[in-house]
Amino acid sequence: MVDVVQTLGELLAWGTGALSRAGVVEPRREAFRLWSDGHDRTAAMATLAGAEPVGAEAASRFRDSIRRRLAGEPVAYITGWTGFRRLTLHCDRRALIPRPETEGLVDVALARARSGLAVDIGTGTGAIALALSDEGEFADVIGVDVSPEALALACSNGMASGRPVTWLEGDLVAPLAGRQVNLLVSNPPYLTQAEYDSLDRSVRDYEPALALVGGDDGQRLVRRLLHDARSVVTPTGWIALEVDCRRAEATGRIATAAGWESVTVLDDLFGRARYVLARRGSTS
Ligand SMILES: C[S@@+](CC[C@H](N)C(=O)[O-])C[C@H]1O[C@@H](n2cnc3c(N)ncnc32)[C@H](O)[C@@H]1O
């Protein structure tokens, strides 16, 4: 750690070096984001301002952010926000940080249904529900979560984004209480306990286990969802799930066995089998 920092360039070089030595994969990008975020500047503006002197208080806040990152805390929890499709979402330890794969889930879901009623089961920050409301033409979008803490965060993201999503607390489809939906989207917890135990500590020590673990085989919630969703999806409606790539084909088989039609497994942007899509009834 340096005691005296004179310019922004020196401060950022210190932060980048510290993150790099700790094995952070993109140390410069993260250091610039941690700086620019706390100071209402883009990373590009920070690059151009390298010769500017930095006040002691600003330098101290930046060092604190770097220390939190060095301790393993994810950037989105340090800055308190992340981007998801066209939205900026508040993020904290109450809910999982939305991942790039999940942005793809919204694409494949919207390609199948864009109107009527949509629901996001296990909404976390509200990312999927808010994106469906933002980009689809749905009469209403519902976000469900069993965690009251996550739902409070989703609700505040809803208010901040101005999207009219209905938030319901409860177990999977139970809070829908008889409502029929044209599109059910979910990124449920899908890791086994053993997979969870071997995760990087920046995930395990910070993000909620409730958002990640799906029972001994990782499929407990996926299986229940594929069974229970049949009673809430309209006959021509769709289900779109994000699943573990190691179990995507097996999830497709569970969907077929549960009676879903047109079952399709699609890859995510990293080329891994990630999405399972199915229609409740056949079109003919
Ligand atoms: C993988 S996270 C997904 C969060 C968010 N949809 C996203 O994609 O970033 C799974 C979410 O499901 C919620 N969850 C876990 N068990 C649930 C259940 N039985 N019923 C409803 N939600 C549940 C967790 O609280 C968590 O917010």
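See the structure above.
Residues numbered from 1 in each chain as written. Predicted model: local features only at pLDDT ≥ 70, side-chain atom pairs only at ≥ 80, totals over all residues.

Peer 1: Can you help me understand the environment of Asn157 in this one?
Peer 2: Within the secondary structure, Asn157 sits in helix H8 (residues 148-161). For the pair formed by Asn157 and Leu87, sequence separation is 70 residues and the distance between their alpha carbons is 9.5 Å. Discounting residues that sit within four places of it in the chain, Asn157 has contacts with Leu89, His90, Thr125, Gly126 and Leu130. (Helix = DSSP H or I, 4+ residues; strand = E, 2+ residues; numbered from the N terminus. Contact = placed C-beta atoms within 7 Å.)

Peer 1: Is there a simple way to explain the sheet that holds strand E7 (residues 233-242) in this structure?
Peer 2: For sheets, the rule is that strands pair by backbone hydrogen bonds, running either parallel or antiparallel. Pairing is mixed in the open sheet, where seven strands are placed in the order E5-E4-E3-E6-E7-E9-E8. At either margin of the open sheet sits one strand with a lone partner, and together these are strand E5 (165-169) and strand E8 (261-267). Going from strand to strand, the sheet's axes swing by 15 degrees on average, the running direction of each strand aside. Relative to E5, strand E4 (residues 137-145) runs parallel, the two sharing five bridges. Note that in E5 the partner of Val144 across the bridge is Leu168. (Pairing = 2+ DSSP bridges. Axes fitted to C-alpha atoms, helices over the stretch in contact; angles between N-to-C directions.)

Peer 1: Looking at this structure, how should I read the nonpolar core?
Peer 2: A general trend in soluble globular proteins is that nonpolar side chains are found buried together. Membership of the largest hydrophobic core comes to 77 residues, with the highest contact counts inside it found for Leu184 and Ala240. At six residues, helix H7 (residues 127-135) tops the list of elements feeding residues into this core. Two domains each provide a minimum of three residues to this core, namely domain 1 (8-71) and domain 2 (81-279). In contact with Ala240, not counting residues within four places along its chain, are Leu105, Val108, Ala109, Arg112, Leu183, Val185, Tyr275 and Leu277. (Core = buried A, V, L, I, M, F, W, Y, C linked by C-beta atoms within 7 Å. Buried ≥ 20, exposed ≤ 12 C-beta atoms within 10 Å, placed from the backbone. Domains from an automatic or database assignment.)

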